[in-house]
Amino acid sequence: MSGKLRALLKSPWVFHLSTGSCNNCDIEILDCLTPRFDIERFGMVLAGSIKHADVLLVTGSGNRKSMERVKRIYQQMPKPALVVAIGECAMSRGMFIHSYNCPVPIDKVLPIDIYIPGCPPKPEAIIAGIVKLITKVKGKK
Ligand code: SF4
């Protein structure tokens, strides 16, 4: 296992990216950072720059305008990088699946490692999803 992955297991730095959502999933992610859910106690920190992030948290259905930016942001992540799709929109485009403006699901553009369902998922579900992601990475040792 690479040094970067080993560090990620102890303290994953996450970067939050909305690709065009209704913002409820984003609010639930922010809730994880509040003292009530306090994800920092697990070593998870919100990274201010994509260049410092280990894990990309993606919300929203993606659209014609945002998908090019999404690709560029992912390219700037140091590798190995992990990607988590949060909410129905990020999983399958949710209620926007028939929209002219959302031609492809996000997993056609980004290599998603784990999906967290819900509209929006609760903070507990988001934290459980990240723990599953870490367990999955540990399994690859
Ligand atoms: S999954 Fe639901 S809550 Fe999340 S961005 Fe889509 S519509 Fe909003």
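Residues numbered from 1 in each chain as written. Predicted model: local features only at pLDDT ≥ 70, side-chain atom pairs only at ≥ 80, totals over all residues. Heavy atoms only, no water.

A. Representation of the overall build of the protein within the structure. A tally of helices and strands in the protein yields five helices and five strands. Going from the N terminus to the C terminus, the protein shows its helices and strands as α-β-α-β-β-α-β-α-β-α. For 141 residues, the compact-globule formula gives about 14 Å, and the C-alpha radius of gyration of the protein, at 14 Å, lands near that figure. Overall, the C-alpha framework of the protein stretches about 40 × 30 × 25 Å when taken along its three principal axes. (Helix = DSSP H or I, 4+ residues; strand = E, 2+ residues; numbered from the N terminus. Rg over C-alpha atoms; globule rule 2.2 N^0.38 Å.)

B. Quick look at the pattern of salt bridges. A complete count under the given rule lists one salt bridge for this structure. In this structure, the salt-bridge partner of Lys 71 is Glu 68, at a minimum N-O distance of 3.1 Å. Placement of the pair is Lys 71 and Glu 68 together in helix H3 (residues 64–75), with a separation of three residues, close to one helical turn. Judged by relative accessible area, Glu 68 falls into the partly exposed class, the value being 40%. (Salt bridge = Lys/Arg side-chain N within 4 Å of Asp/Glu carboxyl O. Buried < 20%, exposed > 50% of the residue type's maximum accessible area, 1.4 Å probe, protein only.)

C. Spatial organisation of the sheet that holds strand S5 (residues 114–116). Read across the open sheet, the five strands follow the order S2-S1-S3-S4-S5; overall the sheet is parallel. The two strands at the open ends of the sheet, each matched to only one other strand, are strand S2 (45–46) and S5. (Pairing = 2+ DSSP bridges.)

D. Structural context of helix H5 (residues 123–139). Here H5 spans 24 Å end to end across 17 residues, near enough to the 24 Å set by a 1.5 Å rise per residue. Among the residues making up H5, those that are buried are Pro 123, Ile 126, Ile 127, Gly 129, Ile 130, Leu 133, Ile 134 and Val 137. Each buried residue of H5 lies within a common arc of 155° when the element is viewed along its axis, so the set occupies one face. The outward face of H5, more than 90 degrees from its buried face, is lined by the exposed residues Lys 132 and Gly 139. (Expected span 1.5 Å × (residues − 1). Arc of directions from axis to C-beta.)

E. Inspection of the nonpolar core at higher detail. With 22 residues, the main nonpolar core has Val 55, Leu 57, Val 84 and Ile 86 as its most contacted residues. When residues of this core are traced back to their parent elements, those giving at least two are helix H1 (3–10), helix H2 (24–33), strand S3 (55–59), strand S4 (82–86), S5 and H5. In terms of residue count, H5 provides more of this core than any other element does, six residues in total. Apart from the residues within four sequence positions on either side, Leu 57 is in contact with Val 14, Phe 15, His 16, Leu 17, Ile 29, Val 84, Ile 86 and Ile 130. (Core = buried A, V, L, I, M, F, W, Y, C linked by side-chain atoms within 4.5 Å. Contact = heavy atoms within 4.5 Å.)

F. The arrangement of H2 in detail. Cys 25, Asp 26, Glu 28, Ile 29 and Cys 32 are the residues of H2 that are buried. An end-on view of H2 places all buried positions within 160° of arc, on one side of the element. The elements touched by buried residues of H2 are strand S1 (13–18), S3, S4 and H5.

G. The pairing of S3, seen in detail. The buried fraction of S3 amounts to five of the five residues, a majority that puts the element mostly inside the structure. Taking every second residue as pointing to the same face, both faces of S3 are buried, with Val 55, Leu 57 and Thr 59 on one and Leu 56 and Val 58 on the other. Relative to S3, S1 runs parallel, the two being bridged by five bridges. Bridge pairing links Val 14 to Val 55 in S3. Alignment of S3 against S4, held across four bridges, turns out to be parallel. Following the sheet pairing, Val 58 is matched in S4 by Ala 85.

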